[in-house]
Amino acid sequence: ETSMEAMAYPSIKTLGIIAEGVPEQQTRELIKTAESKGVGMVGPATVGGIKPGCLRIGNTGGMLDNIVMSRLYRPGSIAYVSKSGGMSNELNNI
């Protein structure tokens, strides 16, 4: 409900939905609305995402000290995409 309301604002370009347990039909509606409005959507049911040097949303990469220690803030030439929040956090800790 709140995510749909957020997409009504033209200034919203990307939406991160951290909530788990969003029903499949509601997820399909969110995706359809996001596509029609040109809004990028991360989630639902995500631990977030990170783009080094640009943004971090959700719990990706863990605490700030881990991001600094493992230098996740630096842009590079490797990317990964994972459906597993646990696996993402493990990869971020390498």
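Here, the structure is the one placed above.
In short, a report on the structure. Per chain, residue numbering runs from 1 following the sequence as it is written. Local features in this predicted model are restricted to residues of pLDDT 70 or higher, and side-chain atom pairs are both shown and tallied only at a pLDDT of 80 or more, whereas totals for entire chains, interfaces and linings draw on every residue. The side-chain quantities take in all heavy atoms of the structure and omit both hydrogens and water.

Observations concerning the pattern of salt bridges
When a carboxyl oxygen of Asp or Glu is within 4 Å of a side-chain nitrogen of Lys or Arg, the pair counts as a salt bridge. Counting across every chain of the model gives one salt bridge. For E24, the salt bridge goes to R28, with nearest N and O atoms at 2.4 Å. Of the two residues, E24 and R28 are both situated in helix α2 (residues 24–37); the distance of four residues between them amounts to about one turn of the helix. We count a stretch as a helix when DSSP gives it H or I for four or more residues in a row; a strand needs E for two or more, and each element gets its number in order from the N terminus.

Quick notes on unusual backbone geometry
In this chain, G43 is followed by P44 through a cis amide linkage whose omega measures 0°. Relative to the helices and strands, P44 resides in the loop between β2 (40–42) and β3 (48–51).

Here we look at the side chain of T33
Residue position: T33 is located in helix α2. Throughout, a residue-residue contact means that at least one pair of heavy atoms, one from each residue, lies within 4.5 Å. Dropping the residues within four chain positions of it, T33 is found in contact with M4 and M7.

Looking at α2
Each helix should span, by expectation, one fewer than its residue count multiplied by 1.5 Å. Across its 14 residues, α2 extends 20 Å between first and last C-alpha, which sits within 8% of the 20 Å expected from 1.5 Å per residue. When accessible area is computed with a 1.4 Å probe and restricted to protein chains, residues below 20% of their type maximum are described as buried, those above 50% as exposed, and intermediate ones as partly exposed. The complete set of buried residues in α2 reads T27, L30, T33 and A34. Buried residues of α2 fall within an arc of 130° about the axis and therefore sit on the same side. In α2, the exposed residues that point more than 90 degrees away from the buried face are E24, Q25, K32, E35 and S36. Turning to α2, the residues buried within the fold contact α1 (2–6) and β2. Our arc is simply the arc of the directions from the helix axis toward the C-beta atoms.

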